[in-house]
Amino acid sequence: NMVGVNEETFSRNSHISVYPNPSGNIFTLGYSNEKVGDKLQITIINVLGGTVYSETVNNFNGSFAKQINLEHLAKGTYFVSIKGDNMVQTKRIILQ
């Protein structure tokens, strides 16, 4: 359970992007990393640490972009996290 979330990068060769941010309901999550073949876990949590979205990406091929619809969630701040082998990246997203 995450109490605090730091926007840190633990892999120098990877990049996470979230746009538009802030967003109304739908945003695009982009991720690239030179390490392929990993299984990635995408998680979105609210400010209380509760998981509101979770998805696994198998056989990661180096990059992806995915639209995620969060229209069912309340407006506010959330954190999107991508976890892979020996790597975690987190970005703050704002629904308005």
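Scoring rules and cut-offs
- Residues numbered from 1 in each chain as written.
- Predicted model: local features only at pLDDT ≥ 70, side-chain atom pairs only at ≥ 80, totals over all residues.
- Heavy atoms only, no water.
- Pairing = 2+ DSSP bridges.
- Helix = DSSP H or I, 4+ residues; strand = E, 2+ residues; numbered from the N terminus.
- Axes fitted to C-alpha atoms, helices over the stretch in contact; angles between N-to-C directions.
- pLDDT = per-residue confidence, 0-100.
- Phe/Tyr/Trp six-rings, centres within 6.5 Å; stacked < 30°, edge-to-face > 60°.
- Buried < 20%, exposed > 50% of the residue type's maximum accessible area, 1.4 Å probe, protein only.

1. Observations regarding the sheet that holds strand β2 (residues 26-33)
Move 1: If you trace the 3 strands from one edge of the open sheet to the other, you get β1-β2-β5, paired in antiparallel fashion. Every interior strand has two partners, whereas the edge strands, β1 (14-19) and β5 (63-69), have only one. This sheet shows a mean twist of 15° between the axes of neighbouring strands, independent of strand direction.
Move 2: For β2 and β5, the ladder comprises 7 bridges, and the chain directions are antiparallel. Looking at β5, one finds that Ser32 is bridged to Ser63.

2. Quick word on the confidence of the model for the protein
Move 1: Confidence along the protein averages 85 in pLDDT terms, with 86% of residues attaining 70 or more.
Move 2: Within the protein, β1 has the poorest average pLDDT of any element, 88, and strand β3 (residues 40-46) the best, 95.

3. Points about the packing of aromatic side chains
Two aromatic rings are characterised by how far apart their centres lie and by the angle between their planes.
Move 1: Counted under the stated rule, the structure contains 3 aromatic pairs.
Move 2: Their ring planes at 45° and their centres at 5.4 Å tell us that Tyr31 and Phe60 sit as a pair that is tilted. Of this pair, Tyr31 sits in strand β2 while Phe60 is found in the loop between β4 (51-57) and β5, placing the two residues 29 residues apart along the sequence. For the pair shown, Tyr31 and Phe60 are each scored as buried.

4. Things to note about the environment of Met87
Move 1: Here Met87 lies in strand β7 (residues 87-95).
Move 2: Considered as a pair, Met87 and Leu40 are 47 residues apart in the sequence and their alpha carbons are 9.5 Å apart.

5. Brief notes about the sheet that holds β4
Move 1: Reading across the sheet, the 4 strands line up as β4-β3-β6-β7 and stay open at both edges, with antiparallel pairing between neighbours. Sheet topology places β4 and β7 at the edges, where each strand pairs with a single neighbour. Recorded for the sheet is a direction-independent mean angle of 15° between the axes of neighbouring strands.

6. Structural notes on the pairing of β1
Move 1: Residues of β1 alternate between two faces, with Ser14, Ile16 and Val18 buried on one and His15, Ser17 and Tyr19 left unburied on the opposite face.
Move 2: Two strands pair when backbone bridges link them, and β1 and β2 are joined in this way by 6 bridges, in the antiparallel orientation. Of the residues in β2, the one forming a bridge with Ser17 is Gly30.
Move 3: Taken together, β1 and the strand that follows it, β2, pair antiparallel across an intervening segment of 6 residues.

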